[in-house]
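Structure assessment
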Amino acid sequence: MPELIFPLDSSKKFTDQKIIGHNRYHPDIPAAVQVRPGDTFRLDCREWFDGAIRNDDSADDIRDAPMSCVHVLSGPIAVEGAQPGDLLIVDILDVGPIPQEDSGPLAGQGWGYTGIFAKRNGGSFLVDQFPDAYKAIWDFRGQVATSRHVPGVSFTGNIHPGLMGTAPSAELLAKWNAREGELIATDPHRIPPLALPPEPKDAILGTLSGEEFDRVAGEAARTAPPRENGGNQDIKNLTKGTRVFYPVFVSGANFSVGDLHFSQGDGEITFCGAIEMGGFIDLHVDLIKGGMDTYGVAENAIFMPGNVAPQYSEWLAFSGTSVTLDGKQRYLDSHLAYQRACLHAINYLTKFGYSPEQAYLLLGAAPIEGRLSGVVDIPNACATVYLPTAIFDFDIRPSAGGPVKIDPGIGAPKSPG
């Protein structure tokens, strides 16, 4: 096993650990550990809510999820010799749930969860159709996930980190805060909000304290969206074997990782759409000096996806176009087209006995493929959702005999509000 440089004790909260990580982005958050180019090492990672979500049949914890606490990240990790303008090479050698624990109170100890977030607490990709909180618990058996809340399916997980990234420079951070602040100002009372401004409440900033903590907490960016540094990209293809090239904006790069997923569909469409878990990740790092200019990677990472993704050979695909539910035409709106494709898939699965919420949770967690299939044929963009047929215990293909009716079981727990 590689050297464990960021250990976490599963019995303790994130802020009570031997090494304290962070849950905001700022160039002045001190590095927690340091490595050298060419090093291989292991990091433990908590699930993004630090144990707030429980393995039970209630969705109250999803409804009341403490958004100001996320994401709890392992790092920052300083890479010796890294300077602004370099490219940081990150190889994912291995990633998995909390090792050698088959069961326990934390996601990753034999189980994980998927949640549809309530509209007042972040919402989801389909927030207007699904405004309430729902939850599904998934049990792990090796690399296979099943759920008492979404019966009749099992699938191999595409285990990956949802969030990896480098620290922003002061200039880049100011750019983030300015542009996101301008967006918020266009509709400051919107529910859910258009973006998340800096929030000192529940900020975790490594070893910072006192006045310096207060200053950084008031400036630091939330970790919810992806940005130029990588961040919360939720790319399901960043599995074992992936190599990522991250732009470096500060001395040392100050790289962090967290938000591990046992599985996820393209888009993580329920917001907490993956199967969330804590676990470990083994990494190897190196540098390309001056690589940002050499390769024209001034912003946003490029990557070579891993080669251990689940292999499915048969799919049932659903398409959508950029027309609203009430029949209004939109111009090449690929976001809307993907929403419509997802809604078509959900509606189809209800014909077999699933509730709409069970179908929605399944699309967030299972390794579906989402594609922009046409973005040039005015006025309609076309997006598609590919659903692997082999994950079901029954045949979902259309036939003259009609759909098989399954027992939906206890259903997905709901928490209104």
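Within every chain, residues take consecutive numbers counted from 1 along the sequence as written. Per-residue local features of the predicted model are confined to residues with pLDDT of at least 70, and side-chain atom pairs are confined, for both listing and counting, to 80 or more; whole-chain, interface and lining totals are unaffected and use all residues. With hydrogens and water stripped out, all remaining heavy atoms of the structure feed into the side-chain values.

**Comments concerning the state of the cysteines**
Defined as follows: When two cysteine sulfur atoms are found within 2.5 Å, that pair is recorded as a disulfide. Relative accessibility under 20% of the residue-type maximum defines a buried residue, over 50% an exposed one, and the middle range a partly exposed one, all with a 1.4 Å probe and only protein chains included.
Applying the stated criterion across every chain yields a total of 0 disulfides. Cysteine Cys69 remains unbridged, with the sulfur of Cys272 as its closest cysteine sulfur at 14 Å. We classify Cys69 as partly exposed; its relative accessible area is 23%. For Cys342, which is in no disulfide, the shortest distance to another cysteine sulfur is to Cys382 and amounts to 12 Å. Here Cys342 falls in the buried class, since its relative accessible area comes to 0%.

**A few points about the nonpolar core**
Put simply, the test is: Here, nonpolar core means buried Ala, Val, Leu, Ile, Met, Phe, Trp, Tyr and Cys residues that are tied together by side-chain atoms lying within 4.5 Å of each other. Secondary structure is summarised from DSSP: a helix means a run of H or I of at least four residues, a strand means a run of E of at least two, and numbering begins at the N terminus for each. Every residue pair with non-hydrogen atoms within 4.5 Å of one another is taken to be in contact.
If you look at the biggest cluster of nonpolar residues, it comprises 82 residues, and the most contacted ones within it are Leu88, Trp138, Phe155, Leu362 and Phe392. No other element matches helix H5 (residues 334–350), which puts 9 residues into this core. Not counting the four nearest positions on each side in its chain, Phe155 is found in contact with Trp138, Gln143, Val144, Ala145, Ser263, Ile275, Tyr312, Leu362, Ala365, Ala366, Pro367 and Ile391. Ranked by size, the runner-up nonpolar core spans 15 residues in total, among them Ile62, Ala107, Ala133 and Cys272.

**Remarks on the packing of aromatic side chains**
The condition that has to hold: Pairs were defined over the aromatic rings of Phe, Tyr and Trp, the Trp ring being its six-membered one, requiring ring centres within 6.5 Å. Orientation was assigned from the angle between planes: stacked under 30 degrees, edge-to-face over 60, tilted for the rest. Charge over a ring is defined by NZ of Lys or CZ of Arg lying within 6 Å of the ring centre and within 35 degrees of the ring normal.
Throughout the structure, instances matching the rule amount to 18 aromatic pairs. Here Phe49 and Phe117 contribute two aromatic rings whose centre-to-centre distance is 6.1 Å and whose plane-to-plane angle is 20 degrees, an arrangement assigned as stacked. Of the two residues, Phe49 is situated in the loop between strand S3 (40–45) and helix H1 (60–63) and Phe117 in the loop between strand S6 (111–116) and strand S7 (133–141); the sequence distance between them amounts to 68 residues. Given the relative accessible area of 2%, Phe49 is considered buried. A residue is classified by how much of its surface remains accessible, and Phe117, at 0% relative accessible area, is buried. The residue whose ring lies beneath Arg227 is Trp176, and the NZ or CZ to ring-centre distance is 4.7 Å.

**What to know about unusual backbone geometry**
Between Ile191 and Pro192 the backbone carries a cis peptide bond, its omega angle lying at -5 degrees. Among the structural elements, Pro192 can be located in the loop between helix H2 (170–185) and helix H3 (210–219). In this structure, Pro379 follows Ile378 across a cis peptide bond, with omega equal to 0 degrees. On the secondary structure map, Pro379 appears in the loop between strand S19 (369–374) and strand S20 (382–388). With phi around 40 degrees, Glu268 is a residue other than glycine that occupies positive phi space. Mapped onto the elements, Glu268 comes out in the loop between strand S14 (255–261) and strand S15 (271–276). Classification of Glu268 by relative accessible area gives buried; the value is 7%. In the Ramachandran plot, Asn300 falls in the positive-phi region, its phi being about 65 degrees despite a non-glycine side chain.

**Details of the sheet that holds strand S13 (residues 243–247)**
Inclusion rule: In this description, strands pair whenever DSSP reports at least two bridges between them. Each axis is a line fitted through C-alpha atoms, taken for helices only over the stretch in contact, and angles between the N-to-C directions span 0 to 180 degrees.
Judged by pairing direction, the sheet is mixed, and its 6 strands sit side by side in the order S1-S3-S16-S5-S13-S17 without closing on themselves. Either end of the sheet is taken by a strand with one partner, and the two such strands are strand S1 (3–6) and strand S17 (302–304). Neighbour-to-neighbour, the strand axes of this sheet turn through a mean angle of 35 degrees, independent of strand direction. Alignment of strand S5 (residues 87–97) against strand S16 (residues 279–288), held across 10 bridges, turns out to be antiparallel. Pairing of Leu88 across the sheet is with Leu287, part of S16.

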